[in-house]
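An overview of the molecular structure
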Amino acid sequence: EGKLGVASVVMNRVRSGRYPGSISGVVYQSGQFPPAHSDRMQSIIANGPSGSCMEAAQAAIGGADNVGGATQFRPASSGADGTVIGNHVFW
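The following paragraphs examine the structure supplied in this document. (Residues numbered from 1 in each chain as written. Predicted model: local features only at pLDDT ≥ 70, side-chain atom pairs only at ≥ 80, totals over all residues. Heavy atoms only, no water.)

Brief notes about the nonpolar core
Counting residues in hydrophobic clusters, the biggest one holds 13 residues, and the most contacted among them are Val26, Phe33, Val67 and Phe90. Listed by contribution, the elements that provide at least two residues to this core are helix 1 (2-16) and helix 2 (23-27). If one sorts the elements of this core by residue count, helix 1 sits on top with three residues. If sequence neighbours within four positions are ignored, phenylalanine 33 has contacts with Val6, Val9, Val10, Arg13, Val26, Val27 and Phe73. (Core = buried A, V, L, I, M, F, W, Y, C linked by side-chain atoms within 4.5 Å. Buried < 20%, exposed > 50% of the residue type's maximum accessible area, 1.4 Å probe, protein only. Helix = DSSP H or I, 4+ residues; strand = E, 2+ residues; numbered from the N terminus. Contact = heavy atoms within 4.5 Å.)

Following this line, the structure appears as structure tokens:
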């Protein structure tokens, strides 16, 4: 659910017109998705993503959205209102 939530946020941003119009543009946008700018991302690229990550990405690209159109997320402990999935809130 959480992976689909993050993938949904990416696709919702692509579709919104307020963010870059491509998946890579959204993921690599300055100040967004900090793991995309870390060594962890390079490791995933080198070794390939997990099956569950691929399933979530493909579902979101196909139109699945379990966060109701949300374009933002943060730790649930932040107190932000929205859809809570695991330790994150999406709005």
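Structure's up, so let's keep going.
Here's the deal with the sheet that holds strand 2 (residues 83-85)
If you walk across this open sheet you meet the three strands as 1-3-2, and the pairing is antiparallel. Each end of this open sheet is capped by a strand with a single partner; those strands are strand 1 (73-75) and strand 2. Direction aside, the axes of adjacent strands within the sheet are offset by 30 degrees on average. Where strand 2 lies against strand 3 (residues 88-90), three bridges are found, and the strand directions are antiparallel. Its bridge partner being in strand 3, valine 84 is matched across the sheet by valine 89. Where helix 1 meets the sheet, it contacts strand 1, strand 2 and strand 3, and its direction lies at approximately 35 degrees from that of strand 3. (Pairing = 2+ DSSP bridges. Axes fitted to C-alpha atoms, helices over the stretch in contact; angles between N-to-C directions.)

Focus on the packing of aromatic side chains
Counting across every chain of the model gives two aromatic pairs. Considering the side-chain rings of phenylalanine 33 and phenylalanine 73, the 6.0 Å spacing of their centres and the 45 degrees angle between planes classify their relative orientation as tilted. Taken as a pair, phenylalanine 33 in the loop between helix 2 and helix 3 (39-47) and phenylalanine 73 in strand 1 lie far apart in primary sequence, 40 residues in all. Phenylalanine 33 sits in the buried class, given a relative accessible area of 13%. On the basis of relative accessibility, which here comes to 27%, the residue phenylalanine 73 falls in the partly exposed class. Members of the aromatic cluster, joined through ring pairs, are Phe33, Phe73 and Phe90. (Phe/Tyr/Trp six-rings, centres within 6.5 Å; stacked < 30°, edge-to-face > 60°.)

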